[in-house]
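Architecture at a glance
Each chain, written out:
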Amino acid sequence: MNKSRRLPRLMFISDGKDMDEQLAGIQLVLDAGVEFIQIRWKDATTLQLEKLAEAAKQLCKQYKALCIINDFPMLAKSIDTDGVHLGLEDDAVISARKQLGAHKIIGGTANTLEDVQQRIAEDCDYIGLGPFRFTTTKKKLSPVLGLQGYSNLLRNLDINTTPPIYAIGGITINDVQELRKIGIYGIALSGFLLKNPQAMPQLNKYLYEEFEYSR
């Protein structure tokens, strides 16, 4: 993976109660045109997650899409995915960087300005900031930010030098333009995209529009 390539503005976070459901969802969104997949299966055993990651990596390779794993740097290394996403309570970014090397993508979760500043100091390649609103996809949910919360936080950052920030958590197509206008780089979707894969063209239109930032 050459990180000089600009990250896609839309990330899909996988969801599903078993292997078949997970893979079916990944296949669905790849067919719809998604270019950035994060594998997340919290209830899986190590073996199940390893099998899913290997299968998802091969699928993503066929579609020339990026494939990263939530939480497990060692698995990302052994499967040789494009990188890893780390939660606030997961392995340290510096440790993951030593395991994976400089060429892999390492993203990090944030909920507050202090979290974002920590992620910047850790030299994350992107930041997943949220949740935007309540979502059932994630069990341990941090305080909801809403549009005003994002706006207040972004006022304290220079978006020209900050790593790409992805809004996450209960986002729908109706939220995208307002999030982009306040300086959000991209969005992470799960349930909405699984239910509305036909929305991809409109999502891309909104995500790649040029805006005068207003915060």
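Described below are features of the structure shown in this document. A quick note: this is a predicted structure, and the numbers were derived from the prediction, not measured.

We now examine the pattern of salt bridges. In the structure shown here, the tally under the stated rule is eight salt bridges. One salt bridge in this structure joins Arg97 and Asp125, with 3.0 Å as the shortest N-O distance. Of this pair, Arg97 sits in helix H4 (residues 93-100) while Asp125 sits in the loop between helix H5 (113-121) and strand S6 (126-129), and the two are 28 residues apart along the sequence. Taking the relative accessible area as the measure of exposure, Asp125 reaches 18% and is therefore buried. For Glu209, the salt bridge goes to Lys205, with nearest N and O atoms at 3.6 Å. Note on Lys205: relative accessible area 46%, which makes it partly exposed.

Here we come to helix H6 (residues 146-154). Taken residue by residue, H6 has Gly146, Gly149, Tyr150, Ser151, Leu153 and Leu154 as its buried positions. Where the residues of H6 are buried, they touch H5, S6, strand S7 (165-168) and helix H7 (176-181).

Let us now look at the packing of aromatic side chains. All told, the structure shown has five aromatic pairs when counted by the stated rule. A centroid spacing of 5.3 Å and a plane angle of 75° characterise the contact between Tyr126 and Tyr166, whose relative ring orientation is edge-to-face. You can see Tyr126 sitting in strand S6 and its partner Tyr166 sitting in strand S7, a full 40 residues away along the chain. Every member of this aromatic cluster is reached through a ring pair, and the members are Phe36, Tyr126, Tyr166 and Tyr185.

Here the focus is the sheet that holds strand S2 (residues 36-39). Across a sheet, paired strands are connected by hydrogen bonds in the backbone, their directions being either parallel or antiparallel. Overall, parallel pairing links the eight strands, which are arranged S1-S2-S3-S4-S5-S6-S7-S8 in a closed barrel. Looking at each pair of strands side by side, their axes are set apart by 25° on average, direction ignored. When S6 meets S7, the two strands line up parallel, connected through three bridges. If you follow Gly128 over to S7, its bridge partner there is Tyr166.

Basis of the calculations
- Residues numbered from 1 in each chain as written.
- Predicted model: local features only at pLDDT ≥ 70, side-chain atom pairs only at ≥ 80, totals over all residues.
- Heavy atoms only, no water.
- Salt bridge = Lys/Arg side-chain N within 4 Å of Asp/Glu carboxyl O.
- Helix = DSSP H or I, 4+ residues; strand = E, 2+ residues; numbered from the N terminus.
- Buried < 20%, exposed > 50% of the residue type's maximum accessible area, 1.4 Å probe, protein only.
- Contact = heavy atoms within 4.5 Å.
- Phe/Tyr/Trp six-rings, centres within 6.5 Å; stacked < 30°, edge-to-face > 60°.
- Pairing = 2+ DSSP bridges.
- Axes fitted to C-alpha atoms, helices over the stretch in contact; angles between N-to-C directions.

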